[in-house]
Amino acid sequence: MVEAHSTGNGVAAPKDARNSRAITGICDRFGNDPHRMLDILRAVQDRFRWISPTAMETIAEATGLTRIAVEGVASFYSFLSLEPKGAITIRLCDDIVDRFAGLDDVVKSFEDELGIKLGTTSVDGRFSLEYTPCIGMCDQAPAAMINDIVVTRLTKEKARSIARALQSEARPQDLISPQFDALSPYERVTMAVDSNIKHAGEVLLGPVPRDAGLEKASVLQPEQIVAEVEASGLRGCGGAGFTTGAKWRLAAAEADTDRFVFCNADEGEPGTFKDRVLLTERADLLIEGMTIAARAVGASEGLIYLRGEYVYLQEHLESVLTERRTRGVLGTDIMGKAGFDFDIRVQMGAGAYICGEEGALISSCEGLPGEPKTRPPYPVNRGYLGHPTVVNNVETFCHAARILDRGDEWFHAIGTKGSHGTKLFSVSGDCLNPGVYELPYGLSVAELLRMVSGEDAAAVLVGGPSGTMISRDSFQRKLTFDDLATGGAIIVFSGKRNILEIVEYYMSFFVHESCGYCTPCRVGNVFLQKAIQKFRKGNADSSDIDYLRDLSATIIETSRCGLGVTSPNPILSTLENFPLVYSAVSKKSEDGMKATFDIQSAIEEARGIAKRRSYIFDRDYGK
Amino acid sequence: MSDTGFTFTIDGLPVQAKPGQTIMEAADDAGVYIPRLCDHEGLRHQGGCRVCTVKASGRSVAACTQPATPDLVVENESEHINSMRRDLVEMLFHEGNHLCPICEASGNCELQAMAYRLDMTQPTKFPYLEPCRALDASHPDIALDTNRCISCGRCIRASQDVDGKGIFGYVGRGIHRRVAVNGVDLAHTDAAVTDDAISADVCPVGCIIRKRVGFSKPIGSREFDDGLIGQKIESKRK
Ligand SMILES: Cc1cc2nc3c(=O)[nH]c(=O)nc-3n(C[C@H](O)[C@H](O)[C@H](O)COP(=O)(O)O)c2cc1C
Ligand code: SF4
Ligand code: FES
């Protein structure tokens, strides 16, 4: 049930008291623990569709914080709202891939049927319609979240029928299946979202025996586990590529009684959706890998940080966790080994790309706004609540479990020197076979394009917007850590796409997702976005190219975390690989006047007010 | 001290440091000024403005949060570093609404003083963002004009850690992140003009205004009228 905000008149008083009881009840459920602030706020948002000022006060009182501290968290995350949202909130993914797949038509259908404009809430409080950045469904775009449900492959007709169904009282889950309630959690997930596995490799997506790695790890000493993962050459699959064994070794070496193992399932890089597939199809393997990591570093608590967009996977993950506890492979005395204790909780995010950065992820788990932490100290030394914390990507943990089963030499032999094993690639955009491909490291982009039937590609974005946009003459480059490193996103663009439109979209993404902590990323990215708009309007001159380069350099060199360090990449890599795109739209200054100044548009408003044209600037005036 | 202390260099000058000191703390002790805006003596380090960026053995870091280590080679006053700092200071000017000629803080303002120190004499190249921010004059003794806010967070930390109150906090994300108060307005908080957070040197610009004392010190005899920002620290150099 959704309760609208109180009206402030006398009638509302008992309801206010009821609401306030409901909120204190929610706080109670999370032990009135300020570290569970994100869970508390998510629950209040779900129940009341917004976080009202009174709600913030009640929460502050229950958790012992100031109201402004609660507001700081509530105002940080996109999925929390300080204004009332509709009982059904439709969030259309506005990623560039969705735009190219017909998003405009879908928006129009929803607007028409629901009678509201994008970015607004209906007067009766039933519907909100808004945009949200990449929800990890680029292989089945356009897609949308409808409350906690995901719908994909939208067309204008499908959008229309969804809107009509919702208006005639269908629940969002009924859109997935009329028998939704009778389905298992796994069925609910896979009926909504296609896993789209296009190529299974020998490590992750092929047949995987259950708990074989954990069985072997449970009789090894922690040090032996670390040594094996180290020897395999496994490097982090979340983007940065840090050696996993070395990370575990550092955490294990810390003198602390509490250590934590966190799985980074934030998967926010636009165009990345391979963790979605692992969470769906290999949840057991992931948890097995985390359990092995826990034994290696001596952790007894773990956490899966699941991005808010993947809330539809939460129930499925919880059910796998429960099943594992029942089987004795999670919880206390794992595999019958006394003292091998480890349990995991799912922590939901709430719409913030920056929470994929490991420090920000930890802040978020501590109930704070998702701001990166000052380094040093590093998470492996002092992470969650000051304790050593291993943060690894979903795929990294899955690989670790397989390495323990099959041995380091087996894994090390796959791939190339410095990039061992296989990698999952999420391929989307202008190709016939978008989906997930598990391939050994070392393939060239051209080889991958052949597999996905994307031979028309004119540009390929490797690693998402924080990665590199390459052109045809670089398609021979290799997908390895040393050449083209990627967390998994491969976005294909054909020759009919406008490179500057793509670049502008990605800059708007970074502006939206910057946490705002540091000056260069908070402000500098806005300037970059405005400069690209200037090019698109045809108002730029050649000095603007230097401006883009210089400003990017400052942002990269002075930003506090990886977001700012990589946010100028869409610009820098297209300046490098598609220079003509920029020079073609740059004006030359012929008369020495600043080319960006356009007298005609400057006096347009004055013409309107004066209701006549200009003696001087309209040459034909009076003739 | 000397048994645990160590040496590193800043622009070639040897600097003594104690374990646990940041580059900036050690530099301050040695009379070497590293430009800064969000850092303030007696408050926790934030590391947000990035004006203190230095190159430490080839890597760009924030001097206010980066620990000093033995034999570190720090580049502080090079043209390259200072031009990045100038960019950052310009960004802060363009992000807010800074009208120096009518501002009560003119002459005492660290942002303005930093612009002078970094030689921000050319017309700036960035667009103005011209945000719309309301003035909060509700409190009997204090006015808050966040048009001039540079998000240094010094008031937040002073109120939290020194006053034990938590009157200020950040809200919002990205370019919309700003400082707000713990109530509908300042009058509905327990802010007092005697708070450390409200004192003259916590806000580096002219956001937090104590009422009825404005312009009591005339322009011309203000803090930065007789020298560049940082000279107090530099005068310690032997
Ligand atoms: C802005 C930003 C976003 C990130 N997003 C993710 C993410 O969604 N998933 C992920 O695994 N790593 C992400 N990372 C990298 C993490 O900080 C961290 O390096 C990674 O989780 C470590 O795991 P790995 O070594 O297994 O890759 C991100 C980093 C930055 C700077
Ligand atoms: S670079 Fe700075 S503003 Fe950007 S996300 Fe990182 S800490 Fe936040
Ligand atoms: S003084 Fe170091 S970041 Fe602001």
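Residues numbered from 1 in each chain as written. Chains lettered and ligands numbered in written order. Predicted model: local features only at pLDDT ≥ 70, side-chain atom pairs only at ≥ 80, totals over all residues. Heavy atoms only, no water.

### Observations regarding the interface of chain A and chain B
In many reports, interface size means the accessible area that the parts give up when they come together.
Argument step 1. Contact with chain A, which involves 37 residues of that partner, is made by 39 residues of chain B.
Argument step 2. Interface of chain A and chain B: buried area, both sides summed, is about 3,100 Å²; carbon and sulfur atoms make up 59% of it.
Argument step 3. For chain A, the biggest contributors to the area lost against chain B are Ile68(A), Arg522(A) and Glu557(A); these three give 22% of the whole.
Argument step 4. Connecting chain A to chain B are 4 salt bridges.
Argument step 5. In this structure, Arg522(A) and Glu95(B) form a salt bridge, with 2.7 Å as the shortest nitrogen-oxygen distance.
Argument step 6. Between the two partners, chain A and chain B, sit 20 residue pairs in polar contact (both at pLDDT 80 or more). (Contact = heavy atoms within 4.5 Å. Buried area = accessible area lost by both parts, 1.4 Å probe. Salt bridge = Lys/Arg side-chain N within 4 Å of Asp/Glu carboxyl O. Polar contact = N/O pair within 3.5 Å; in protein donor to acceptor, adjacent residues only side chain to side chain.)

### Quick look at the domain arrangement of chain A
Argument step 1. With domains assigned, chain A is organised as domain 1 (14-74), domain 2 (88-182), domain 3 (212-413), domain 4 (419-496) and domain 5 (498-623).
Argument step 2. Once you take the C-alpha centre of each, domain 1 of chain A and domain 5 of chain A turn out to be 43 Å apart. (Domains from an automatic or database assignment.)

### Here we look at the pattern of salt bridges
Argument step 1. Evaluated as defined, the whole model comprises 59 salt bridges over all chains.
Argument step 2. The partner of Asp211(A) in a salt bridge is Arg327(A), and the shortest N-O contact between them spans 2.8 Å. Highlighted residues: Asp211(A) in the loop between strand S6 (197-199) and helix H9 (212-217) and Arg327(A) in helix H14 (residues 314-327), separated in sequence by 116 residues.
Argument step 3. As a salt-bridge pair, Arg117(B) and Glu77(B) come within 2.8 Å of each other at their nearest N and O atoms. Residue Arg117(B) is located in helix H3 (residues 110-117), and its partner Glu77(B) is located in the loop between strand S5 (73-75) and helix H2 (79-95); the two are separated by 40 residues in the primary sequence.
Argument step 4. Residue class for Arg117(B) comes out buried when judged on its relative accessible area of 16%.
Argument step 5. Through salt bridges that share partners, Arg210(A), Asp211(A), Asp284(A), Glu323(A), Arg324(A) and Arg327(A) make up one connected network. (Helix = DSSP H or I, 4+ residues; strand = E, 2+ residues; numbered from the N terminus. Buried < 20%, exposed > 50% of the residue type's maximum accessible area, 1.4 Å probe, protein only.)

### Re the site of ligand 1
Residue and element names in this part refer to chain A.
Argument step 1. Around ligand 1 sit 19 residues in total, of which Gly238, Asn264, Asn392, Asn393 and Thr396 are the nearest.
Argument step 2. Here an oxygen atom of ligand 1 sits 3.0 Å away from a polar atom, N or O, in the main chain of glutamate 358.
Argument step 3. Note that an oxygen atom of ligand 1 is positioned 2.7 Å from one of the side-chain N or O atoms of threonine 396.
Argument step 4. When ligand 1 is considered free in solution it has 610 Å² of accessible area, and contact with the protein chains removes 89% of it.
Argument step 5. Those elements that provide at least two residues to the shell around ligand 1 are strand S10 (389-393) and helix H22 (562-566).
Argument step 6. Top contributing element to the shell around ligand 1 by residue count: S10, with 3 residues.
Argument step 7. Considered class by class, the residues forming the shell around ligand 1 number 5 nonpolar, 9 polar and 5 charged. (Near = heavy atom within 4 Å. Areas by Shrake-Rupley, 256 points an atom, 1.4 Å probe, with all protein chains shown as cover. Nonpolar A, V, L, I, M, F, W, Y, C, P; charged D, E, K, R; others polar.)

### Side note on the side chain of Glu438(A)
All names here are of chain A.
Argument step 1. Tracing the chain through its elements places glutamate 438 in strand S14 (residues 435-440).
Argument step 2. Among buried Asp, Glu, Lys and Arg side chains, glutamate 438 stands out as unpaired, with arginine 402 the closest opposite charge at 7.3 Å.
Argument step 3. Within polar-contact distance, the side chain of glutamate 438 engages the side chain of threonine 422 at 2.7 Å.
Argument step 4. Here glutamate 438 is in contact with His199, Ala200, Gly201, Glu202, Val203, Leu204, Leu205, Gly206, Thr422, Lys423 and Leu424, once residues within four sequence places are set aside. (Lys, Arg positive; Asp, Glu negative; His and termini not counted.)

### A few points about the pairing of strand S16 (residues 468-471) of chain A
Residue and element names in this part refer to chain A.
Argument step 1. Pairing analysis gives 4 bridges linking strand S15 (residues 457-462) to S16, with the strands arranged antiparallel. Residue pairing in the sheet places valine 460 in a bridge with isoleucine 470 of S16.
Argument step 2. With antiparallel pairing between neighbouring strands as the criterion, S15 and S16 make up a hairpin whose turn holds 5 residues, including glycine 463 at a positive phi of roughly 90 degrees. (Pairing = 2+ DSSP bridges.)

### So, a nonpolar patch on the surface
All names here are of chain A.
Argument step 1. A cluster of nonpolar side chains, namely Tyr615, Ile616 and Phe617, defines an oily patch on the protein surface of about 370 Å² accessible area.
Argument step 2. Among the secondary structure elements, tyrosine 615 is positioned in the segment after helix H26 (604-610).
Argument step 3. Relative accessible area serves as the criterion here: at 60%, tyrosine 615 is assigned to the exposed category. (Patch = residues over 30% accessible without salt bridge, like charges linked within 9 Å, V, L, I, M, F, W, Y side chains within 5 Å.)

### What about helix H6 (residues 103-114) of chain A?
All names here are of chain A.
Argument step 1. The end-to-end C-alpha separation of H6 is 16 Å, in line with the 16 Å expected for 12 residues at 1.5 Å each.
Argument step 2. Listed in full, the buried residues belonging to H6 are Leu103, Val106, Val107, Ser109, Phe110, Glu111, Glu113 and Leu114.
Argument step 3. In this structure, the buried side of H6 is in contact with strand S1 (88-93), helix H5 (96-100), strand S3 (127-132) and helix H7 (156-167).
Argument step 4. Among the residues trailing H6, glycine 115 stands out with phi positive, at a value near 70 degrees. (Expected span 1.5 Å × (residues − 1).)

### Considering the domain arrangement of chain B
All names here are of chain B.
Argument step 1. The assigned domain composition of chain B is domain 1 (6-76) and domain 2 (84-210).
Argument step 2. Distance from the C-alpha centre of domain 1 to the C-alpha centre of domain 2: 24 Å.
Argument step 3. Residue-level contacts link 19 residues of domain 1 with 23 residues of domain 2.
Argument step 4. A combined buried area of about 1,600 Å² lies between domain 1 and domain 2, and 56% of that area is made up of carbon and sulfur atoms.
Argument step 5. Per-residue buried area on domain 1 facing domain 2 is highest for Leu37, Leu43 and Arg44; these three make up 40% of the total on that side.
Argument step 6. Summed over the shared surface of domain 1 and domain 2, the result is 1 salt bridge.
Argument step 7. With a closest N to O distance of 2.7 Å, arginine 44 and aspartate 161 form a salt bridge.
Argument step 8. Where domain 1 packs against domain 2, one counts 12 residue pairs in polar contact (both at pLDDT 80 or more).
Argument step 9. Along the lines of polarity and charge, the residues of the side of domain 1 that touches domain 2 split into 10 nonpolar, 5 polar and 4 charged.

### Re the nonpolar core
Argument step 1. Core analysis: the biggest nonpolar cluster contains 221 residues, and Tyr77(A), Ile90(A), Leu92(A), Phe110(A), Trp248(A), Tyr582(A) and Phe168(B) have the highest contact counts within it.
Argument step 2. If you look at the next biggest cluster of nonpolar residues, it comprises 21 residues, including Val15(B), Ile23(B), Ala26(B) and Cys64(B). (Core = buried A, V, L, I, M, F, W, Y, C linked by side-chain atoms within 4.5 Å.)

### Description of the packing of helix H19 (residues 499-513) of chain A against helix H20 (residues 519-536) of chain A
All names here are of chain A.
Argument step 1. Direction vectors running N to C along H19 and H20 enclose 160 degrees, while the axes themselves pass 9 Å from each other. With respect to H20, the element H19 is oriented roughly antiparallel. H20 is crossed by H19, and the crossing has left-handed handedness. Residue-level contacts link Leu500, Glu501, Val503, Glu504, Met507, Ser508 and Val511 of H19 to Asn525, Val526, Leu528, Gln529, Ile532, Gln533, Phe535 and Arg536 of H20.
Argument step 2. Here the residues of the contact of H19 with H20 sort into 8 nonpolar, 4 polar and 3 charged. (Axes fitted to C-alpha atoms, helices over the stretch in contact; angles between N-to-C directions. Parallel < 35°, antiparallel > 145°, perpendicular 65-115°, else oblique. Left-handed = near helix turned anticlockwise from the far one by under 90°.)

### A word on the sheet that holds S5(B)
Residue and element names in this part refer to chain B.
Argument step 1. Taking strand neighbours across the sheet as the criterion, the 5 strands line up as S2-S1-S5-S3-S4 in an open arrangement whose pairing is mixed. Of all the strands in the sheet, just strand S2 (13-17) and strand S4 (59-62) have a single pairing partner and so form its edges. The mean inter-strand angle of the sheet, taken between neighbouring strand axes irrespective of direction, is 35 degrees.
Argument step 2. Pairing of strand S1 (residues 6-10) with S5 involves 2 bridges; the strand directions are parallel. Each residue of the ladder has a partner; that of threonine 9, found in S5, is valine 73.
Argument step 3. Along the sheet face, H2 touches strand S3 (53-56) and S5 and points at about 150 degrees away from the line of S3.

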